[in-house]
Amino acid sequence: FISSKERRSGRKEKTKTTTESAQRTGTDKKMIGRVMRNVLLIFRLLFKLLTFLRLNWIAKFLRLLLFSALLLPAFIRIGWFYVTDGRIKRGIKYGKNARNFLDVYVPSDEEDEDVEEGGGGGETKQKKQLKPVVIFVTGGVWIIGYRVWGALLAKSLLEFGVITICIDYRNFPQGVCGDMVEDVANGIGYAVNAAKSLGGDPRKINLIGQSAGAHLAALSLLKQASLKDDLKETWHAKDIIGFVGISGIYHPESEELIAHFDRQGLHRKIFFSIMEAGFSGRHIEALGRNSPSEMVKLIGVECAHVLPRFLLIHGEKDVSAPTRESRNFAPTLSNAGISVMEKYYKSKGHVEPFILDPILGRSEDVLLEDLLTFIFRREGLSKTFKRQPLMRPRFIVELAKRVVPF
């Protein structure tokens, strides 16, 4: 015998179970729908990108595979460091857009003390020091940029007590240049505001960009300078004490550069799409809107007082980003009253300073030495530390240098 009260209770329990089941089903459907949308987005973007590719991209891809195979043991070591090292805070969300994540590499206090001992005449400062900060924007032809590409540089800087923040951003065709600059600017803003809480010195924040990352970082910095001291902004150009461009692109409006990219396999139509220039006869005028060089001419004299000192670094054998990009950008900065230094590496191409030299050990890493000199404003700092072993034999690295497609 079941009382009416028990029957009502049973019906309520059944209704509750049915409701929970419906909610779970609804949640599952939403999740499946989200996954399907993401998969479709990936295929749609991939198809859009494939329509631009030429046969020489297939050759470049095959050479890239061979390059990666030759250096695979070194890349595995770097990957293991990235995945396991407790000093790395991975995948921090900094904005609302896709791929708005960054990684933070925070050195231990012991490493900071080692730098003081190594470069300060043997005296260790007792008071805990705020560490210099590097915000790094990686390259990747505006198409394959990824924050993990900065792990090797960040690993080296960790040993010298430098906090490194590597920013990710939307790539083409998921985003165009304006979207990338928006992401990079938001990432810089996050890093600037988080610097002190990470143990960083907010007066010693340097912005470094490599290849396409140098182009995006320079644009972000210059556009922020044009806003002056707008209180609505989360950061200002004067928050950055130094800018370093490594193998950067600064004149996307140059017909010479467009033709160079076209010969290298970056079709001019895809380049125009990345730079939001369309396909009209006025594309050069449109390209100028995303040109660091043109922006310096426009706002440089007026905003020179809020802009940091610049260091432009380039390999003289660079076939991906021509050396003239830095050589021509330097006088443009100087004419606007902006402090600029230049450093050119003989017999080095696009990847040697950033990838191959560090793999050969610290004695070969001229880029690291120049960065440390710029950050700490004293020379020879890397020579005070023990030499790092080679990650790959020299003859293997030399072979990789011959097959690298960039």
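Here is what the cut-offs are and how they apply
Counting restarts for each chain: residues are numbered from 1 in the order of the written sequence. Reporting of local features is limited, given that this is a predicted model, to residues whose pLDDT is at least 70; pairs of side-chain atoms are given and counted only at 80 or more, and all residues count toward the totals for whole chains, interfaces and linings. Side-chain calculation: all heavy atoms of the structure are included, whereas hydrogens and water are not. The way it works is that DSSP assigns letters per residue, a run of H or I at least four long becomes a helix, a run of E at least two long becomes a strand, and they are numbered from the N terminus. Here the term buried applies to any residue with accessible area under 20% of the maximum for its type, exposed to any over 50%, and partly exposed to those in between, with areas from a 1.4 Å probe on protein chains only. For this analysis, residues touch if any pair of their heavy atoms sits within 4.5 Å. Stacked, tilted and edge-to-face are the three classes assigned to paired rings of Phe, Tyr and Trp, where Trp is represented by its six-membered ring and a pair needs centres within 6.5 Å; plane angles under 30 degrees give stacked, over 60 edge-to-face, the rest tilted. Note on geometry: a ring has a charge over it if NZ (lysine) or CZ (arginine) is within 6 Å of the ring centre and within 35 degrees of the ring normal. Think of it this way: DSSP has to see at least two bridges between two strands before they count as a pair. Fitted lines through C-alpha atoms give the axes, limited to the stretch in contact for helices. The angle between two N-to-C directions lies from 0 to 180 degrees.

Participant: Could you clarify how one ought to interpret the environment of Gly139 in this entry?
Facilitator: Within the element layout of this structure, Gly139 appears in the loop between strand S3 (131–137) and helix H5 (151–158). Classification of Gly139 by relative accessible area gives buried; the value is 4%. Remark: the alpha-carbon pair of Gly139 and Gly150, spanning 11 residues in sequence, is separated by 9.2 Å. Setting aside its immediate chain neighbours within four residues, Gly139 contacts Ile144, Gly145, Tyr146, Trp149, Tyr169, Gln210, Ser211, Ala212 and Gly213.

Participant: I tried to follow the packing of aromatic side chains on my own but got confused; where do I start?
Facilitator: The description of two aromatic rings rests on the distance between their centres and on the angle between their planes. Across all of its chains, the model carries 10 aromatic pairs by this definition. Grouped by ring-pair contacts, the aromatic residues Phe243, Tyr250, Phe310 and Phe329 constitute a single cluster. Directly above the ring of Tyr82 sits Arg90, whose terminal nitrogen or CZ lies 5.7 Å from the centroid. One residue, Lys93, lies across the ring of Phe101, its end atom 4.6 Å from the ring centre.

Participant: Got a minute to help me understand the sheet that holds strand S5 (residues 200–210) in this structure?
Facilitator: Sheet strands associate in pairs through backbone hydrogen bonding, adopting either a parallel or an antiparallel arrangement. Sheet architecture is open: eight strands sit in the order S1-S2-S4-S3-S5-S6-S7-S8, paired in mixed fashion. What marks the edges here is a single partner per strand, and that holds for strand S1 (88–93) and strand S8 (340–345). Taking each pair of neighbouring strands and ignoring which way they run, the sheet shows an average axis angle of 20 degrees. Relative to S8, strand S7 (residues 309–315) runs parallel, the two being bridged by six bridges. What sits directly across from Gly315, in S8, is Tyr345. Across the face of the sheet, helix H7 (residues 212–226) comes into contact with S3, S5, strand S6 (242–246) and S7 while running at roughly 130 degrees to S5.

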